[in-house]
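Secondary and tertiary structure notes
Residue-level listing of the chains:
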Amino acid sequence: MNEDVIAVVSALVSRRSSRTDGAAVRAEGALTDLGFDSLGVVGLLMDIEETFSVRFPADQITPEVFHSVDSIVTAVTRLRGRSS
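In what follows, the accompanying structure is described.

1. With respect to the environment of V8
Within the secondary structure layout, V8 lies in helix α1 (residues 3-16). C-alpha separation for the pair V8 and V25, spaced 17 residues apart in sequence, amounts to 11 Å.

Below, the structure written as structure tokens:
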């Protein structure tokens, strides 16, 4: 996985999280453990799409894709590969 993508997604998650208090976000940790609900995920989705200039197809906006930083990074990397 691209370390830059991991760092950026982690920063976006941390910024939107209600529970990080500046602590490092674990890449494998569940977003729900960081206080994310459906509205928080929508905001994060918008941040990610804008930051990486990608668009998530409707079938990729799932709890599995938005489970953790790792799962989001995998999806972003895949989407960025399609646009190349």
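2. A closer look at helix α2 (residues 38-52)
Here α2 spans 21 Å end to end across 15 residues, near enough to the 21 Å set by a 1.5 Å rise per residue. G40, V41, G43, L44, L45, D47, I48, E49 and F52 are the residues of α2 that are buried. Near the N-terminus of α2, the side chain that reaches the backbone nitrogen of L39, with its oxygen 3.2 Å away, is that of D37. Directly after α2, the chain includes S53, whose backbone phi takes a positive value near 55°.

Reading guide: rules and limits
Residues numbered from 1 in each chain as written. Predicted model: local features only at pLDDT ≥ 70, side-chain atom pairs only at ≥ 80, totals over all residues. Heavy atoms only, no water. Helix = DSSP H or I, 4+ residues; strand = E, 2+ residues; numbered from the N terminus. Expected span 1.5 Å × (residues − 1). Buried < 20%, exposed > 50% of the residue type's maximum accessible area, 1.4 Å probe, protein only. Polar contact = N/O pair within 3.5 Å; in protein donor to acceptor, adjacent residues only side chain to side chain.

Honestly, that's just the spatial picture; any functional story needs more than this.
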